[in-house]
Amino acid sequence: MSGNAVASHDVLENVWIEMDDGCRLAARIWLPRGADVVPVPAILEFLPYRKRDGTAQRDETNYPTFAQAGYAGVRVDMRGNGESDGLMTDEYTQQEWDDAVAVIHWIAAQPWCSGKVGMMGISWGGFNALQVAALAPEPLKAVIALSTTVDRYNDDIHYKNGCLLNSNLSWAASMLSRSSRPPDPLLVGERWREMWRERLENLPPLVAIWFGHPHRDAYWKHGSICEDYGALKAAALVIGGWADGYKNAPPAAVAGLGGVAKAINGPWIHKYPHFAYPHPRIDFFAEALRWWDRWLKEEDNGAENLPAYRAYITQAVRPTRWRERDPGRWVGEQTWPSDNIEPFSLFLIRDGSLSDEGGTQVSVSLKSPQDLGLECGEYFSVAPDGQLPGDQRIDGGGSLLFQSDVLVAPLEILGRPFLTLKVAIDAAVGHLIIRLIDLAPDGAAHRVSWGVLNLTHRRGNETPEPMVPGQVEDLQIVLDECGHRFLAGHRLQLAISTAYWPLIQPPPTAVTATLELGAAARLTLPCRTVCDDRYDFEEPELPPVPTYKICEPKQNRRWIERDLNSNVTRYCILEDSGVEELPDHGLLQQEVRRETWSISPEDPTTATADLHFTSWRKRGDWEVRTEIQVEATTDGELFVFDTTLEAYEGDREVLVRRWRDTIPRLLL
């Protein structure tokens, strides 16, 4: 395959696409041989993540494969990133969309293009593929969106049902690091310094923007395609993974879009499914090419007749620190929502059981330590290691636990469980966190799904209302999408806590919650009534991946520190990419992420974060580096962020910028 792929296409390393305002966007293009004679459809990926060095290794796998199948690949850096002109101001802006639409029309007008365009991407690229499709540019006929969302407020790295995800801060620092990197002088020439300086002097600290919109206002509705599914006309294939934070979009999209939309959820982390862990992988290229062939080449290959929702049903997953493979099987639901799903309820009983009978209504109180959640994992995981949730027994000590009898027959679920209950708290702001767990016969506890609610959002995310201390409220907490089979001999366990750190920023006070158990507390599971409808994917052979020379080894560590004298818990991260050399143009690069999150188990206002991102590039005598540092504190009423950006050319300081942002918590 490798030899044929190389012989079958040409690569245009850097092509300028000029926007109406004169801004030039940089594109890398893979053209099948003969496209100048017989035009071909094109596939666009539109990202801020730098085609030259950021996604190059992945691109050099994906696009030669598509070129071999008769598709032009067009990988474009958004303005203000990579070699593109202009400035980066935020994610998913109107300017970003306008540029993407202009690029689509430019592609369609090229002599090598048939006039039909598809758009593809994972994460940011999956987001804007759906968002741009909702603008309905005429040449855009199909999209494939991976690890994406239909609701920017509730299913991205910012907020979740009114709770502030700490990835909101981490990703703001990461994006400042990414967008502060200079263009490559080999592509833009001596103007690289001018372009770099302009970026450095104008980059905004996104932390101020994202923390400044704590509720589901117009800012978050912009770009959330769930606001108007009918606007999206292109055929959409939406793919996600159970081990990723972006698992809710595939079934939500196919339910909302209807028509020829299709969805897949596998066991994967935040990666393309032919590279991802845990196994089994699927042949993404086979799926993608069937989709492109149907909608961009109009081949009658039956893609529209695939099951609406294909999902991997896990079972007996071990919560180990490295997950090579999750046991289970693939199933296909012909329609979604499916008539094959029926609700099944279990009640939370005072003795700690999950029962199919309501029992006597009684009240219990709960006040979790503020550092409960150390086994929560990262919101979106990019490695199947300590980034995944661990054995949930470790977080069980500060939780209310309820468990079923030992199952005498398997119980299979697919969809979103939810919990209804009556709750009062002793403060105006508080959280409830729900975890659904598969408890193995030996006690190992695997988190199947989880859900959260900032109780001030109990009536919606747009206009939260403070809780009245002591006043009982009726609540419903919806957990994330999941597909899982609880085997005979296992138990279902439900864990409830008032804290889940460091995944979620705690409320201003250590809350005591009073829950009414019995008939008022009910867990409802989406149970599959037909479980013999297996769908078979073939696991792929990995396509050839370009080899990068490793000059210094990488490091990847996560660890926990507990200072028993000061009563402080610290969660620490070190991710060092090592130094690698890119082939062909000899660029050396290194990225280092260092994070320390700390809190006292007794006082949520002691929560702090210290984040440091280093980005380094070198080729010959050319050497550049940026350092980003963010320190975050809170006093219960305000968030305070001290951000520093430093840029260096060799040992010479180019620029230093500092910001202090003070942001009201507003019921967070």
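You'll find the structure just up there.
These numbers were taken from a predicted model, which means no experiment stands behind them.

S.K.: Looking at this structure, how should I read the nonpolar core?
M.R.: One broad rule of soluble globular proteins: the nonpolar side chains tend to lie buried together. Within the largest apolar cluster, 159 residues are counted, with the highest numbers of intra-cluster contacts made by Phe66 and Trp292. Examining the composition of this core, we find that eight residues originate from one element, helix H11 (residues 284-296), more than from any other. Contact partners of Phe66, with chain neighbours within four places excluded, come to Ile43, Tyr71, Met120, Phe284, Phe285, Ala288, Leu289 and Trp292. Core analysis: the second largest hydrophobic core is formed by 38 residues, Leu346, Leu421, Ala427 and Leu515 among them.

S.K.: Before we go on, may I ask you to explain the pairing of strand E20 (residues 445-454) in this structure?
M.R.: Every other side chain in a regular strand lies on the same face of the sheet, so the side chains alternate between the two faces. Among the ten residues that make up E20, ten are buried, leaving the element largely enclosed by the rest of the structure. Sheet topology places strand E19 (residues 431-439) next to E20; nine bridges connect them, and they run antiparallel. Paired with His431 across the bridge in E20 is Asn454. Taking the residues between adjacent antiparallel strands as the criterion, E19 and E20 are bridged by five residues, where Gly443 takes a positive phi near 95°.

S.K.: In this structure, what is going on with the sheet that holds strand E23 (residues 491-497)? I would like to understand it.
M.R.: Two strands in a sheet stick together by hydrogen bonds in their backbones, pointing the same way (parallel) or opposite ways (antiparallel). Taken together, four strands build an open sheet; the order of strands is E16-E23-E19-E20 and the sheet is antiparallel. The open sheet has two edge strands, strand E16 (400-403) and E20, and neither has a second partner. If you compare each strand with its neighbour and ignore which way they point, the axes differ by 20° on average. Looking at chain direction, E19 and E23 are connected through seven bridges and run antiparallel. Across the sheet, residue Asp438 finds its bridge partner in E23, namely Leu492.

S.K.: I keep staring at H11 and nothing clicks. Help me out?
M.R.: Think of an α-helix as 3.6 residues a turn; residues three or four steps apart then line up on the same face. Taking 1.5 Å of rise per residue, the 13 residues of H11 would be expected to cover 18 Å, and the 17 Å separating its terminal C-alpha atoms lies within 8% of that figure. Taking burial as the measure, the 13 residues of H11 include eleven buried ones, the bulk of the element. All buried positions along H11 are accounted for by Phe284, Phe285, Glu287, Ala288, Leu289, Trp291, Trp292, Asp293, Arg294, Trp295 and Leu296. Just downstream of H11, Glu298 is the residue with a positive phi angle, here 60°.

S.K.: Can you walk me through the pattern of salt bridges in this structure?
M.R.: Should their charged atoms come close, side chains of opposite charge can pair. Under the definition given, this model contains 57 salt bridges. Between Arg191 and Asp85 there is a salt bridge, with its nearest N and O atoms 2.8 Å apart. Highlighted residues: Arg191 in the loop between helix H6 (185-188) and helix H7 (192-202) and Asp85 in the loop between strand E4 (72-77) and helix H3 (94-108), separated in sequence by 106 residues. The shortest N-O distance in the salt bridge between Asp442 and Arg318 comes to 2.9 Å. Here the residue Asp442 occupies a position in the loop between E19 and E20, and Arg318 occupies one in the loop between strand E11 (309-315) and strand E12 (328-333), the gap between them amounting to 124 residues. Connected via shared salt-bridge partners are Glu13, Arg28, Arg52, Glu60, Asp184 and Arg619.

Reading the values: the criteria
All chains use their own residue numbering, which begins from 1 and follows the written sequence. With the structure being a predicted model, the display of local features is reserved for residues of pLDDT at least 70 and the display and counting of side-chain atom pairs for 80 or more, all residues being used for whole-chain, interface and lining totals. The side-chain figures draw on all heavy atoms in the structure; neither hydrogens nor water molecules are used. Among buried residues, those of type Ala, Val, Leu, Ile, Met, Phe, Trp, Tyr and Cys that are joined through side-chain atoms within 4.5 Å constitute a nonpolar core. Note on classification: 1.4 Å probe, protein chains only; a residue is buried when its accessible area is under 20% of the maximum for its type, exposed when over 50%, partly exposed between these limits. Comment: elements are numbered from the N terminus, with helices defined as DSSP H or I runs of at least four residues and strands as E runs of at least two. Only heavy atoms enter the contact rule, under which two residues are in contact if any of them lie within 4.5 Å. In this analysis, strands are considered paired if DSSP registers two or more bridges between them. Whenever a helix is involved, its axis is fitted only over the stretch in contact; in every case the axis is a line through C-alpha atoms, and angles between N-to-C directions fall within 0 to 180 degrees. What a helix should span is 1.5 Å times the count of its residues minus one. Note on definitions: salt bridges are taken to be side-chain nitrogens of Lys or Arg within 4 Å of carboxyl oxygens of Asp or Glu.

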